[in-house]
Amino acid sequence: MLSLQNHVRQVSAKIIEPCGTSDNALKFTAGLVQAVHLDALLENVVNTDCVRLKVKYPDTRTEQIIPRVTDFRKLSPLRHRLVTNVNLSHGVWTEACPVEISLILSLLDTEETSRTAAKQSEGCVELCTPVKILISPTATRKT
């Protein structure tokens, strides 16, 4: 008798927080760091070492952040919860602009992924739609 087992699963993620619906911009001093709390649910992820946070700024600069291993909570063998802070930093802007935060799955080795920014976008799969957060880096006040 022939037995077929289906091991194909759709990997996905849902960002619970921030929800991205706020019109209030996060204001912080340009050049310093603003932490944004992130809470996400990952489905059908076998290896959490391949999960990355993708931050896309309005000037088309993109960063990939590797979450700490301790930020993941294992809910079941293929279900994980990611609770972490995303550190945002940028120069001065004239007005509030949206920054996109999303979760991606890196298909390359960690060594290959960290080489260049151009290579980073090649071997990645988006796990969810990006959440947009308004930020407003302001100039330092002189007294």
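Located above this text is the structure these notes cover.
The structure reproduced in this document is the subject of the present report. Worth saying up front: this structure is predicted, and the values here are computed from it rather than measured.

What follows covers the overall build of the protein chain. Counting secondary structure elements, the protein chain contains two helices and 10 strands. If you list the helices and strands of the protein chain from N to C, you get β-β-β-β-β-β-β-β-α-α-β-β. A sequence separation of at least 24 residues applies to 73% of the contacts in the protein chain between residues at least 6 apart. Counting only carbon and sulfur atoms, one obtains 51% of the accessible surface of the protein chain, whose full area is about 9,400 Å².

Turning our eyes to something else, we now look at the nonpolar core. Formed by 27 residues in total, the largest nonpolar core has its most connected members in Leu38, Leu42, Leu88, Leu103 and Ile135. Taken together, the elements giving at least two residues each to this core come down to β1 (12–17), β3 (34–43), β4 (51–56), β7 (79–88), β8 (97–106) and β10 (131–138). The element best represented in this core is β8, accounting for five residues.

Rules used throughout
- Residues numbered from 1 in each chain as written.
- Predicted model: local features only at pLDDT ≥ 70, side-chain atom pairs only at ≥ 80, totals over all residues.
- Heavy atoms only, no water.
- Helix = DSSP H or I, 4+ residues; strand = E, 2+ residues; numbered from the N terminus.
- Contact = heavy atoms within 4.5 Å.
- Areas by Shrake-Rupley, 256 points an atom, 1.4 Å probe, with all protein chains shown as cover.
- Core = buried A, V, L, I, M, F, W, Y, C linked by side-chain atoms within 4.5 Å.
- Buried < 20%, exposed > 50% of the residue type's maximum accessible area, 1.4 Å probe, protein only.

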